[in-house]
Amino acid sequence: MSQSSPLKFVHQPHPAPTPPDKRAAILRDPGFGRAFTDHMVTIRYSEGRGWHDAKIGPREPIAMDPAAAVLHYSQEIFEGLKAYRTSNGAVMFRPVENARRFNRSAERLAMPDLPEEVFVEALDRLVSIDRDWIPEGDGSLYLRPFMFANEVFLGVKPSAEYLFIIIASPVGSYFKTKDSAVSVWVEQELTRAAPGGTGAAKCGGNYAASLMAQVDAYKHGCEQVVFLDAVERRWIEELGGMNIFFVFDDSSMQTPPLGGTILPGITRSSILTLAKDMKIAVREEPYSLDQWRADAKSGRIRETFACGTAAVLTPIGTVKSKDGDFVIGNGGSGAQTEKLKSTLIDIQRCRAKDTHGWVHKVY
Ligand SMILES: Cc1ncc(COP(=O)(O)O)c(C=O)c1O
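The shown structure was predicted, so the numbers you read here are calculated from the model rather than taken from an experiment.

### A short note on the overall build of the protein
Assigned secondary structure in the protein consists of eight helices and 18 strands. In terms of overall size, the protein behaves like a compact globule, its C-alpha atoms giving a radius of gyration of 21 Å where 363 residues would be expected to give roughly 21 Å. With respect to the three principal axes, the spread of C-alpha positions in the protein is 60 × 50 × 35 Å. Residues classed as buried in the protein amount to 53% of the 363 residues present. Within the protein, residue pairs in contact and separated by at least 24 positions form 72% of the contacts whose partners lie at least 6 positions apart.

Listed below in C-alpha cells is the structure:
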C-alpha cells in the first residue's frame, strides 16, 4: 500500500491572510483548538494512483459528498503534536513518532500508509508558512494531521479514496481549571477499548465512544475520565485523551502496560526514557482501582499524573467513583511530577540539551 516516490508540494499562499494585529489579539489568549492558522495541507489518495495532489493552500472548508464513506463508517484517523517557538525559529517534538503511530493506526483501520518523510515534510511546510502563528511564552502551535475515507459509496469496505489534511491551531493551556491538579472520574460501566479492538489506534471512533463517560465525568465535577479494562473492569488503562503514571513513596513509578487497548503515547514513551535518565525505577505493569485507592489511603502513593501532548504532565489530585472519592497526596501537584514536567518542557523548548535527538528543527 505504500508509495516510495517523494511528492511535489504545490504552494498556494493565502491571498488575504489574517492581519498581524488580529493575529496578535488571537495569540494573546488562544484557548485550545478554537483558533486556526491561515493555511492547511491537503494530499489525496486513490487506489491505483497512490498519493497525489500535495498542496499547501489557504485553510478553507472542504466540500464532501453526503455519501463519503467516513460520514457513515468512521474510517478516520488523526494525530496531534506541537510546534514551539524558539529564540531563532521553530521546532517540533518527535514528529517521526507521530508519523509511525499514524501508519500503525492506518493499518488497523485498513487505510493506506503515508510515507513517514511525506508526513514530516508536510508538517515542516505548514509550520514554516504559518510560523508567525506560534504563540510566545507558554503557548504552542497544535498540529492536527488527519486522514479520512472519501470514496462516494455506501458499501461497507475499505474506501478506495482518502484525503489527508493537516490544520494548525495556536493553543494555550488545555485545562480551564486554575487549580494545580485536576480531578478525575473513574468510569466503572462504560469502557473505551476491548482486546482486539481499536484502542491502540488514534481513530475518531474511539473518541466518539468515550464521550458519554466524559459527560458523566463533567456531571461529577471532574475534568477527565479514567477508563478501566473491558474484561474485568478492574485495571486502570488510561484517560480519555492521556496516559497515566503513579508515583510511589520510594520514588518508583508505575504505568499500565501497552497491550493493544491503550494508546501508545509519545509523552508516555518520553517520560519512560527521562525516568531512566534520572535513575527512577518505572514498572509497566497493571495497577488496579482498588490498589490505587488503598495506596492513596495508606500514603504509599505520593503522586499521580496524566500525560499527553495537549496537556503535557497534569497532576491528578482527586479521584471520584461510584464507590467514593479519594485524594492523592495533598490533592495538588507533587515534586516528582513537577521535575519530570519541567525536564520535558525544557527539552521541547530547546532550553535543555536534547540528548535523545527528539527535537526536530523547522527551517
Ligand atoms: C487516548 C489517548 N491516550 C494517550 C494520549 C497521549 O498521547 P501523546 O503523548 O502521544 O499525545 C492521547 C493523546 O494523543 C490520547 O488521545
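So that's the structure; there's more coming.
### Observations concerning the state of the cysteines
The final tally for this structure, using the stated rule, is zero disulfides. No disulfide involves C222; its sulfur sits 19 Å from the nearest other cysteine sulfur, which is in C307.

### Quick word on the side chain of D229
In this fold, D229 is placed in the loop between β10 (224-228) and β11 (236-239). Comment: no salt bridge for buried D229; closest opposite-charge side chain is R233, at 6.7 Å. Excluding residues that lie within four positions of it along the chain, D229 makes contacts with T191, R234, W235 and E237.

### Side note on the nonpolar core
Within the largest apolar cluster, 51 residues are counted, with the highest numbers of intra-cluster contacts made by V41, I43, L143, M147 and F164. Not counting residues up to four positions away in its chain, the partners in contact with M147 are W51, Q75, E76, I77, F102, A106, M111, P112, Y162, L163 and F164. The next biggest cluster of nonpolar side chains, apart from the first, holds 22 residues, and it includes V184, L228, I244 and I301.

### Here we look at the site of the ligand
Near the ligand you find 16 residues, and of these K202, Y207, E238, T267 and T309 are the closest. A distance of 2.8 Å is found between an oxygen atom of the ligand and a backbone nitrogen or oxygen belonging to I266. A distance of 2.7 Å separates an oxygen atom of the ligand from a polar atom in the side chain of T309. Bound to the protein, the ligand loses 96% of the 380 Å² it would expose on its own. Among the secondary structure elements, those contributing two or more residues to the shell around the ligand are α6 (266-277) and β15 (301-308). Of the residues assigned to the shell around the ligand, the class counts are five nonpolar, seven polar and four charged.

### Re the pairing of strand β8 (residues 161-171)
Counting buried positions over the eleven residues of β8 gives ten, a clear majority of the element. As paired strands, strand β2 (residues 39-46) and β8 are joined by six bridges and run antiparallel to one another. Bridge pairing in β8 links V41 to I166.

### Some points on the confidence of the model for the protein
Here the protein shows a mean pLDDT of 95. Residues at 70 or above account for 97%. Below a pLDDT of 50 lies the segment residues 1-5, which in the model reaches ten contacts outside its immediate sequence neighbourhood of four places, other chains included.

### Quick notes on the side chain of T337
Structurally, the position occupied by T337 is in helix α8 (residues 335-348). For T337, the contacting residues outside a window of four places in its chain are E303, F305, L313 and P315.

### Considerations on the environment of E338
With respect to the helices and strands, E338 occurs in helix α8. In this structure, the C-alpha to C-alpha distance between E338 and R94, residues 244 residues apart in sequence, is 21 Å. Setting aside anything within four residues of it in sequence, one finds E338 in contact with P315 and S333.

### A word on the packing of aromatic side chains
Taken as a whole, this structure holds 15 aromatic pairs when the rule is applied. Taken together, the ring pairs in this structure connect Y45, W51, F102, F119, Y162 and F164 into an aromatic cluster. Its guanidinium or amino end placed over the ring of F248, R283 lies 5.2 Å from that ring's centre, counting from NZ or CZ.

Cut-offs used in this document
Residues numbered from 1 in each chain as written. Predicted model: local features only at pLDDT ≥ 70, side-chain atom pairs only at ≥ 80, totals over all residues. Heavy atoms only, no water. Helix = DSSP H or I, 4+ residues; strand = E, 2+ residues; numbered from the N terminus. Rg over C-alpha atoms; globule rule 2.2 N^0.38 Å. Buried < 20%, exposed > 50% of the residue type's maximum accessible area, 1.4 Å probe, protein only. Contact = heavy atoms within 4.5 Å. Disulfide = S-S within 2.5 Å. Lys, Arg positive; Asp, Glu negative; His and termini not counted. Salt bridge = Lys/Arg side-chain N within 4 Å of Asp/Glu carboxyl O. Core = buried A, V, L, I, M, F, W, Y, C linked by side-chain atoms within 4.5 Å. Near = heavy atom within 4 Å. Polar contact = N/O pair within 3.5 Å; in protein donor to acceptor, adjacent residues only side chain to side chain. Areas by Shrake-Rupley, 256 points an atom, 1.4 Å probe, with all protein chains shown as cover. Nonpolar A, V, L, I, M, F, W, Y, C, P; charged D, E, K, R; others polar. Pairing = 2+ DSSP bridges. pLDDT = per-residue confidence, 0-100. Phe/Tyr/Trp six-rings, centres within 6.5 Å; stacked < 30°, edge-to-face > 60°. Lys NZ or Arg CZ within 6 Å of the ring centre and 35° of its normal.

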